[in-house]
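Examination of the molecular architecture
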Amino acid sequence: MLKLLPAIQIILMVVSAAVCAGRDSDTIRIEAPSVEVGRYEKFEMPIRVNRRYDNPFDPEEVDLVVMLKTPGGGQMTVPAFYCQDYERRKLDQGRERANWYYPVGNGTWKARFAPMQTGSYFATARLKDKTGTIQSQSIRFECVSSSSKGFLRVCEKDARFMELSDGTPFFAIGQNLAFIGEGQQVTLSGAEEIFGKLAANGANFLRIWTCCNDWAIAIEAKKSAWDRSWNRGRRFVPVPGSENDPGARKCVKIDNEPVKVSPSHPVALRPKTRYTLTGRFVADGAAGLRINVGRDNWDIPFDSAAGRKWQDFKREFAAGENEFWLGQITLGQVGSGTVWLEKLSLKETPDSPELLWEADMNRPILGVYNQVDCFMLDELVEAAQNNGIYLMLCMLTRDLYMEHLSDESSGEYQQAIQYAKKFMRYAVARWGYSTSVAAWEYYNEIDPGLPTDLFYTEVGDYLESIDIYHHLRATSTWHPSAKDCRHASLDIGQVHRYMRPGTEEEYKDEVAVVLDRAQFLRKHAPNKPVLIAEFGLADTRWGLSDYMKQDTEGLNFHTSLWASAFADVSGTAMFWWWELLDQQDAYKHYRPLSAFLTDVCFAGLRQINTAASVERLRVLGYQGDDCAYIWISDSQATWWNQIVEKKQPAPVADASIEIRGLRPGKYRLEWWDTYEGKTIRTDQVSCTDGRLHIPAPSFNRDIACKIRR
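Residues numbered from 1 in each chain as written. Predicted model: local features only at pLDDT ≥ 70, side-chain atom pairs only at ≥ 80, totals over all residues. Heavy atoms only, no water.

1. Here we look at the overall build of the protein chain
Tallying secondary structure elements over the protein chain gives 12 helices and 38 strands in all. Relative to the globule expectation of 27 Å for 709 residues, the C-alpha radius of gyration of the protein chain, 29 Å, shows essentially globular dimensions. Referenced to the eigenvectors of the C-alpha coordinate spread, the extents of the protein chain come out at roughly 100 × 65 × 55 Å. When the 709 residues of the protein chain are sorted by exposure, 59% land in the buried category. Relative to all contacts within the protein chain whose residues are 6 or more apart in sequence, the contacts with residues 24 or more apart total 73%. Here the protein chain displays about 28800 Å² of accessible surface, and carbon together with sulfur accounts for 46% of that area. (Helix = DSSP H or I, 4+ residues; strand = E, 2+ residues; numbered from the N terminus. Rg over C-alpha atoms; globule rule 2.2 N^0.38 Å. Buried < 20%, exposed > 50% of the residue type's maximum accessible area, 1.4 Å probe, protein only. Contact = heavy atoms within 4.5 Å. Areas by Shrake-Rupley, 256 points an atom, 1.4 Å probe, with all protein chains shown as cover.)

2. A look at empty space enclosed by the protein
Evaluation of the coordinates by the stated rule reveals seven cavities of 30 Å³ or more. By volume, the largest cavity is sized at about 150 Å³. Considering the residues around the largest cavity, the lining is formed by 14 residues, among which Tyr101, Pro266, Leu355, Trp357 and Val372 are closest to the centre. Its residues assigned to classes, the lining of the largest cavity shows 11 nonpolar, one polar and two charged. Estimated volume of the second largest cavity: approximately 80 Å³. Taken together, 13 residues make up the lining of the second largest cavity; nearest its centre are Pro56, Phe57, Ala80, Arg425 and Tyr426. Residue assignment for the lining of the second largest cavity shows that the elements contributing at least two residues are strand 4 (62–69), strand 6 (81–93) and helix 4 (411–431). (1 Å grid on protein atoms, 1.4 Å probe; cavity = no way out; pocket = protein on both sides within 12 Å on 5 of 7 lines; lining within 4 Å. Points joined across faces, edges and corners; volume = space filled by probe spheres on them. Nonpolar A, V, L, I, M, F, W, Y, C, P; charged D, E, K, R; others polar.)

3. Remarks on the side chain of Glu510
Position of Glu510 relative to the elements: it lies in helix 7 (residues 510–524). Summary of buried charges: Glu510 has no salt-bridge partner, and the nearest side chain of opposite charge, Arg618, is 6.0 Å away. Residues contacting Glu510, with those up to four places away along its chain left out, are Met499, Phe535, Leu555, Asn556, Thr559, Ser560, Thr638 and Trp639. (Lys, Arg positive; Asp, Glu negative; His and termini not counted. Salt bridge = Lys/Arg side-chain N within 4 Å of Asp/Glu carboxyl O.)

4. Quick word on the sheet that holds strand 13 (residues 169–170)
Strand order in the open sheet made by the three strands is 11-12-13, with antiparallel pairing throughout. In this open sheet, the two strands that pair with only one neighbour each are strand 11 (152–154) and strand 13. Where strand 11 lies against strand 12 (residues 162–164), three bridges are found, and the strand directions are antiparallel. Within strand 12, the position partnered with Arg153 by the bridge is Glu163. (Pairing = 2+ DSSP bridges.)

5. Considering the environment of Asp654
Structurally, the position occupied by Asp654 is in the loop between helix 12 (639–644) and strand 34 (656–660). Each C-alpha atom, one on Asp654 and one on Phe699, is 9.7 Å from the other, the two residues being 45 residues apart in sequence.

6. Some details on the packing of helix 9 (residues 555–565) against helix 11 (residues 590–597)
Between helix 9 and helix 11, whose axes approach to 10 Å, the crossing angle comes to 20 degrees. Viewed along their axes, helix 9 and helix 11 adopt a mutual orientation that is roughly parallel. In this structure, helix 9 crosses over helix 11, and the sense of that crossing is right-handed. Facing Phe557, Leu561, Trp562 and Ala565 of helix 9, the residues of helix 11 in contact are Tyr590, Pro592, Leu593 and Phe596. Counted by class, the contact of helix 9 with helix 11 contains eight nonpolar, no polar and no charged residues. (Axes fitted to C-alpha atoms, helices over the stretch in contact; angles between N-to-C directions. Parallel < 35°, antiparallel > 145°, perpendicular 65-115°, else oblique. Left-handed = near helix turned anticlockwise from the far one by under 90°.)

7. Concerning the sheet that holds strand 38 (residues 702–708)
Hydrogen bonds between backbone atoms are what pair the strands of a sheet, whose relative direction is either parallel or antiparallel. Spatial ordering of the open sheet is given by 30-32-33-38-35-36, a layout of six strands whose pairing is antiparallel. Across the chains shown, the open sheet's two edge strands, defined by having one partner strand only, are strand 30 (606–607) and strand 36 (678–687). Contacts from helix 11 reach strand 33 (627–634), strand 35 (665–673) and strand 38, with the element oriented near 10 degrees to strand 38.

8. Some remarks on the packing of helix 2 (residues 371–387) against helix 4
Put simply, helix 2 and helix 4 touch, their axes get as near as 11 Å, and they point 45 degrees apart. Classified by the interaxial angle, the pair formed by helix 2 and helix 4 is oblique. Two packed elements cross with a definite hand, and for helix 2 against helix 4 that hand is right-handed. Contact with helix 2, carried on its side by Gln371, Cys374, Phe375, Leu377, Asp378 and Val381, involves Tyr426, Arg430 and Trp431 of helix 4 and no other residues of that element. Class assignment for the residues of the contact of helix 2 with helix 4 results in six nonpolar, one polar and two charged.

9. A few points about the pattern of salt bridges
Taken as a whole and assessed by the stated rule, the structure comprises 51 salt bridges. Arg160 is paired through a salt bridge with Asp158; the nearest N and O atoms lie 2.6 Å apart. When the shortest N-O distance is used, the salt bridge between Arg274 and Glu316 registers 3.5 Å. Here Arg274, found in strand 19 (residues 274–284), pairs with Glu316, found in strand 22 (residues 311–318); they are 42 residues apart in sequence, far enough to count as distant. Of the residues examined, Arg274 reaches a relative accessible area of 47% and is grouped as partly exposed. The exposure class assigned to Glu316 is partly exposed, which follows from its relative accessible area of 43%. Salt bridges linked by common partners bring Lys42, Glu44, Asp85, Lys110, Arg112, Asp378, Glu382 and Arg430 together as one network.

10. Quick look at the packing of aromatic side chains
Tallied over the entire structure, the rule returns 55 aromatic pairs. When the centroid spacing of 5.5 Å and the interplanar angle of 40 degrees are considered together, the rings of Tyr443 and Phe455 count as tilted. Of this pair, Tyr443 sits in the loop between strand 26 (437–441) and helix 5 (453–466) while Phe455 sits in helix 5, and the two are 12 residues apart along the sequence. One exposure class covers both Tyr443 and Phe455, and it is buried. A network of ring pairs unites the aromatic residues Phe161, Phe171, Trp562, Phe566, Phe596, Phe602, Tyr622, Tyr629 and Trp672 as a single cluster. The cationic tip of Arg500 hangs over the ring face of Trp542; the distance from NZ or CZ to the ring centre is 3.7 Å. Across from the ring centre of Phe596, 5.0 Å away, lies the NZ or CZ of Lys706, which sits over that ring. (Phe/Tyr/Trp six-rings, centres within 6.5 Å; stacked < 30°, edge-to-face > 60°. Lys NZ or Arg CZ within 6 Å of the ring centre and 35° of its normal.)

11. Concerning the environment of Thr503
Within the secondary structure layout, Thr503 lies in the loop between strand 28 (493–499) and helix 7. Linking Thr503 and Thr540, residues 37 residues apart in sequence, is a C-alpha distance of 8.7 Å.

12. Examining helix 5
In this model, helix 5 (14 residues) spans 20 Å end to end at C-alpha, consistent with the 20 Å of a helix rising 1.5 Å per residue. On the buried face of helix 5, the contacting elements are strand 5 (75–79), helix 4, strand 26, strand 27 (472–474) and helix 6 (482–486). (Expected span 1.5 Å × (residues − 1).)

13. Quick notes on the state of the cysteines
Chemically, a disulfide is nothing more than a covalent bond linking the sulfur atoms of two cysteines. Applying the stated criterion across every chain yields a total of zero disulfides. Here Cys485 is not cross-linked by a disulfide; its sulfur's nearest cysteine counterpart is in Cys394, at 16 Å. Cys627 supplies the cysteine sulfur nearest to Cys705, a cysteine that is in no disulfide, at a spacing of 12 Å. (Disulfide = S-S within 2.5 Å.)

14. Quick notes on the pairing of strand 5
Note that strand 4 and strand 5 share five bridges and pair antiparallel. Note on strand 5: the bridge partner recorded for Met67 is Thr77. Here strand 4 folds back onto strand 5 in antiparallel fashion, the turn holding five residues, of which Gly73 has a positive phi close to 90 degrees.

15. Overview of the environment of Lys421
Among the structural elements, Lys421 can be located in helix 4. Overall, Lys421 belongs to the buried group, its relative accessible area being 17%. Residues Lys421 and Arg52, 369 residues apart in the sequence, show an inter-C-alpha distance of 23 Å. Not counting residues within four places of it along the chain, the set of residues in contact with Lys421 comprises Glu458, Val459 and Tyr462.

Take a look at the structure:
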């Protein structure tokens, strides 16, 4: 069974508030930072609470919501959330810039809301816990018009595609940017720079992981100062004397080799500030505990006369004038023997937030959310908003849930659902306000053989009840999953595909691969948006292919983008190898496609019915009764032919195509250079008998055309 681990202790700030229902001393107050907010824009409401909870993230322990009266007289409710605020600075750290996150205050409650209609709103906070229910006085604020186009949704005219709340068509142009963190090539600052580059080149979509375990952002995952996920638990042992207790508290064993304390998040210090390091230990044979913190060294003797009883220690030190980071902490024993240590803590003052929270090996994993990572996601969502980027957020850490989803009739399965609901409630409360959150993606590549239908139905129904913005929902599996594409509670069908040697001959032809995956998606999800959400060239072991490194012009990248744009899916194939794309500055390949699609809407159109006069040409596209949008590619211009075989295709001359099914009349043709993103020729032709004969300009590799009556 999934077990609820011992609760963390979090002290909430005690704030005086207006007297509400309940005991006079138990009060809450909701505040408005302003009296006006734009439509679809963030309105953040601090909520002052004078109660403390073991786990404020658990809505079964404390359920805090904001009830809203809308301008039309309706009612809606949004969940509030508990969080730790941080100050952020961008500091130089050697040759790289580092992000410095330092806790501010002792945690607070907030609610975030994006009004969807103009007019006056009234907001009231309501708190339920084991003692009863209390309610705040109401605040009033005004929603005014804004330039925001709203949230992403399924297109009302054509469910194969997406649009914004105001009906603006949306075609996803983008990639993956999954691993973001100080230990990664892409830091938070680096991600913000990439957002800007993508936006400058017309991209509008990113797939972001918040479920990376301990190598990048991981909101619900074990982050440890003692080890990493790939060698987990080597240092942890039961507290001496409880070895036979299956629920025993864990501690760190120190014997032959010193133990280094290395949190996955570098620990920030404030210069010229005093800190207190505390903990407790017990020894067997050893004379004491040796602690090295940067330049400070302490030997703490153990009182062996007291027997094997735990001994508390406390040491103070001061950060230097330019010292922003905690130095390396190393723990060892004095003399020979063994030392067991627990409750290692670092605070600015006794009442300050914990800085070494990763050192607590007994803290819960499920149901508690890493606040530094949550703050980083806050920053990413704001950066996306500022750059017009829409995020598909991959939320749940797969390996925390997957082993419990094998039997839908088991208690483990139901408990996994409950933890997922709590997590998604927190996500809705904290990030649901943002129009830049395009979709919640439950998992990255979960086992497609698991009976997950019930999970997606129950969690989906819960989201329907709490997510007033109705964000799209998705998931992914490590092999294509027809049942997930069909699932009514999953709004986006998704596959991942890597072109790898030793699989099929078609891996040498990116257009054929895109079309194959598009056909699978449309077979199983004919009436919902679909995405090829991971894509790229890989080696036989799923690593980055050397061929992609050799493709410095981004020929495979370019062709895959254009092929997917015309293959009856809802966005471009989303490349995985973001580090290489950044190194090659491949973002320029988005600009031509984005420019072409600026005034194009595929909703209501059908796949094109056409033939080409030159056998080696492939024509993809959409057409209606009086328009068509096409992309013509040379089948000899595959990545394999150009990068591996070193064969450059000859220019295509004197080609023509015929489109059937258009209404008679005169049509304007715009021929586009797909590398420059501009019109190279305009023609005017006539359609008779439902057939439009189009002579194409001479071109290399590929060309695109807009055809309008």
